[in-house]
Amino acid sequence: MRSQEPRSSSSCAACKFMKRRCTLHCLFAPYFRADEPKKFAKVHKVFGASNVTKILNEVPEPQRQDAVNSLVFEAEQRLKDPVYGCIGAIASLQDKMFQLQHDLAVAKARLARCSTRTSYPSCSTTSPFSMLDGEFGMTSFDAFVVDQGCGLTTELRQHPFP
Amino acid sequence: MTSTRCAVCKYFRRRCPPDCIFSPHFLNDNPQRFTCVHKIYGASNLGKLLQETPMQLRADTIESLYYEAKCRIQDPVYGCAGIIWSLHQQIQIAQSQLARARAEIAFLDANVVVAEPTPSPGEPVVQQNGVDYGLDDPYDFWFY
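These figures come from a predicted structure and were not determined experimentally.

## Re the overall build of chain A
Step number 1: Helix and strand content of chain A: seven helices and zero strands.
Step number 2: The linear arrangement of helices and strands in chain A, starting from the amino end, is α-α-α-α-α-α-α.
Step number 3: Here chain A holds 162 residues, and 43% of them are scored as buried.
Step number 4: Nonlocal contacts in chain A, meaning residues at least 24 apart in sequence, comprise 47% of its contacts between residues at least 6 apart.

Printed below as a string of structure tokens:
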């Protein structure tokens with residue numbers, strides 16, 4: 001005979017969706033409130049309830065809200081773009097980064113040329129922007145490493161989607 | 001049972017039919033690929049997704065699912081979304097640096113006293129008008 005777990009006063013969105021009893025210790029209840037039914041529906045469609053359970057059980061409790069948020073985000077991206085999902089967004093953002101790096105390199109080259117030609121009319125020969133070097137790290141143009149350790153970005157550059 | 005089962009049918013220890021939806025994408029010689037995708041999405045969801053996808057796009061779909069699954073396994077909290085968030089941050093930093101560089105160029109140009117030779121035809125011109133890199137991109141607000 002199954003032990004009778006105390007029942008929650010109101011079912012969370014996950015238990016409502018799966019038409020099951022929502023208990024006080026329901027894993028989903030803190031993250032899928034009853035007034036947000038679409039949130040769980042999206043995650044369920046892409047990942048499935050049992051996979052979400054496994055993922056949440058692997059994550060420490062203080063980080064579960066972030067894990068749920070990222071799962072919801074990924075599910076939304078996959079539903080919007082069933083073929084590429086989040087990878088499409090990453091590729092698009094990387095294109096933007098590469099363009100920015102190019103523009104920064106051009107600007108840096110132009111600055112170098114401007115600096116050699118400039119002669120200030122005032123007694124100060126220091127650019128007012130030099131005091132901001134530390135704040136914005138103007139020397140670190142090459143510090144745009146994106147790789148999060150899974151080699152994903154390197155693979156995207158080597159094998160871009162058509 | 002056929003000895004040329006795909007990785008999926010081998011995983012489930014079942015016969016691999018000639019029209020198996022998974023066999024073109026999960027070859028027998030790379031079982032880890034399916035294990036990865038199955039761990040995050042499940043075979044049932046994967047099958048439904050493939051059935052809804054036109055045949056010519058299925059290879060790309062599987063590739064993207066595999067990459068996302070790998071990211072999620074390596075980072076169970078943020079997965080791919082962490083990469084997107086990180087890219088957004090880096091883009092914002094780069095945009096600030098670019099804006100600053102352009103402002104400095106404008107300042108230096110305005111303060112040039114020494115006569116300059118006219119630029120050669122091939123000299124690249126830095127765009128003076130800012131380019132919108134989508135600060136209002138919908139991906140900005142994924143943290144609820």
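Structure's up, so let's keep going.
## A look at the packing of aromatic side chains
Step number 1: Under the counting rule described, the total for this entry stands at 12 aromatic pairs over all chains.
Step number 2: Ring centres of phenylalanine 28 of chain A and phenylalanine 32 of chain A lie 6.0 Å apart, and the angle between their planes is 65°; on these two criteria the pair is classed as edge-to-face. Summarising the burial analysis for this pair, phenylalanine 28 of chain A and phenylalanine 32 of chain A share the class buried.
Step number 3: Their ring planes at 80° and their centres at 5.1 Å tell us that tyrosine 11 of chain B and phenylalanine 12 of chain B sit as a pair that is edge-to-face.
Step number 4: These aromatic residues form a ring-pair network of at least three members: Tyr11, Phe12, Phe22, Phe26 and Phe34 of chain B.
Step number 5: Lying across the ring of tyrosine 66 of chain B, arginine 33 of chain B places its NZ or CZ 5.3 Å from the centre.

## What to know about the layout of surface pockets
In this approach the atoms are scanned with a rolling probe the size of a water molecule, which exposes any empty space left behind.
Step number 1: Considered as a void within the structure, the largest pocket measures approximately 230 Å³ in volume.
Step number 2: Along the wall of the largest pocket there are 13 residues; nearest its centre are Lys45 and Val46 of chain A together with Asn45, Leu49 and Glu52 of chain B.
Step number 3: Secondary structure elements with two or more residues in the lining of the largest pocket: α2 (37–46) and α4 (64–80) of chain A together with α3 (43–52) of chain B.
Step number 4: Element by element, the count of residues in the lining of the largest pocket is highest for α3 of chain B, at five residues.

## Quick notes on the side chain of arginine 58 of chain B
Residue and element names in this part refer to chain B.
Step number 1: Within the element layout of this structure, arginine 58 appears in helix α4 (residues 58–74).
Step number 2: The buried charged residue arginine 58 lacks any salt bridge, with aspartate 19 as its nearest oppositely charged partner at 9.9 Å.
Step number 3: Not counting residues up to four positions away in its chain, the partners in contact with arginine 58 are Ile21, His25, Leu50, Gln51 and Thr53.

## Examining the environment of tyrosine 66 of chain B
Residues and elements named next belong to chain B.
Step number 1: Within the secondary structure, tyrosine 66 sits in helix α4.
Step number 2: A relative accessible area of 11% places tyrosine 66 in the buried class.
Step number 3: Considered as a pair, tyrosine 66 and threonine 35 are 31 residues apart in the sequence and their alpha carbons are 9.6 Å apart.
Step number 4: What tyrosine 66 contacts, discounting residues up to four positions off in sequence, is Gln32, Arg33, Cys36 and Val37.

## Quick word on the confidence of the model for chain B
All names here are of chain B.
Step number 1: Per-residue confidence for chain B averages 82 on the pLDDT scale, and 76% of its residues sit at or above 70.
Step number 2: In the model, residues 138–144 has pLDDT below 50 throughout and makes 22 contacts with residues more than four positions away in sequence or in other chains.
Step number 3: The complex prediction reports pTM at 0.71, with the ipTM value standing at 0.72.

## Notes on the packing of helix α2 (residues 31–40) of chain B against α4 of chain B
Residues and elements named next belong to chain B.
Step number 1: Across the interface, α2 lies against α4 with an axial gap of 8 Å and an inter-helix angle of 70°. One element, α2, and the other, α4, form an angle in the roughly perpendicular class. Along the contact surface, α2 presents Gln32, Arg33, Cys36, Val37, Lys39 and Ile40, while α4 presents Ile62, Glu63, Leu65, Tyr66, Ala69, Lys70, Arg72 and Ile73.
Step number 2: Class assignment for the residues of the contact of α2 with α4 results in eight nonpolar, one polar and five charged.

## Focus on the nonpolar core
Step number 1: Within the largest apolar cluster, 46 residues are counted, with the highest numbers of intra-cluster contacts made by Phe28, Phe32 and Phe47 of chain A together with Phe26 of chain B.
Step number 2: Looking at this core, the elements with two or more residues in it are α1 (13–18), α2, α3 (49–58) and α4 of chain A together with α1 (7–11), α2, α3 and α4 of chain B.
Step number 3: Counting residues per element, this core draws most heavily on α4 of chain A, at five residues.
Step number 4: When residues no more than four places from it in sequence are discounted, the contact partners of phenylalanine 28 of chain A are Cys12, Ala14, Met18, Arg20, Phe40, Ala49, Val52, Thr53 and Leu56 of chain A.
Step number 5: Of all hydrophobic cores here, the second largest spans 25 residues; its members include Phe73 and Ile87 of chain A together with Cys80 and Ala101 of chain B.

What counts, and at which threshold
Residue positions are given per chain, counted from 1 along the sequence in the order it is written. All chains are assigned letters beginning with A, and all ligands numbers beginning with 1, in the order in which they are written. Only residues with pLDDT of at least 70 get local features here, since the model is predicted, and only at 80 or more are side-chain atom pairs given and counted; chain-wide, interface and lining totals rely on the full set of residues. To obtain the side-chain values, all non-hydrogen atoms of the structure were included, while hydrogens and water were left out. Helix numbering and strand numbering both begin at the N terminus, where a helix is a DSSP run of H or I of at least 4 residues and a strand a DSSP run of E of at least 2. Whether a residue is buried, partly exposed or exposed follows from its accessible area with a 1.4 Å probe, protein chains only, as a fraction of its type maximum: under 20%, in between, or over 50%, in that order. Note on contacts: a residue pair qualifies if any of its non-hydrogen atoms lie within 4.5 Å across the two residues. Between 30 and 60 degrees the pair is tilted, below 30 it is stacked and above 60 it is edge-to-face, where a pair is any two Phe, Tyr or Trp rings, Trp via its six-membered ring, whose centres lie within 6.5 Å. Here, a charge over a ring is recorded when the distance from Lys NZ or Arg CZ to the ring centre is within 6 Å and its angle to the ring normal is within 35 degrees. Site definitions follow a grid-based scheme: protein atoms alone, a 1 Å grid, a 1.4 Å probe that fits but cannot get out for cavities, and for pockets an open set with protein on both sides within 12 Å along at least five of seven lines, plus lining residues having an atom within 4 Å of a point. Grid points are joined across faces, edges and corners, and a volume is the space filled by probe spheres set on the points. This count recognises Lys and Arg as positive and Asp and Glu as negative, with His and chain-terminal groups excluded. In the sections that follow, a salt bridge refers to a side-chain nitrogen of Lys or Arg positioned within 4 Å of a carboxyl oxygen of Asp or Glu. The pLDDT score gives, residue by residue, the confidence of the prediction method on a 0 to 100 scale. To define axes, lines are fitted to C-alpha atoms, for helices over the stretch in contact only, and angles between the resulting N-to-C directions are given on a 0 to 180 degree scale. Roughly parallel means an angle under 35 degrees; roughly antiparallel means over 145; roughly perpendicular covers 65 to 115; every other angle is labelled oblique. We call Asp, Glu, Lys and Arg charged. Ala, Val, Leu, Ile, Met, Phe, Trp, Tyr, Cys and Pro are nonpolar, and the rest, Gly among them, are polar. The nonpolar core is taken to be a set of buried Ala, Val, Leu, Ile, Met, Phe, Trp, Tyr and Cys residues, with the residues joined through side-chain atoms within 4.5 Å.

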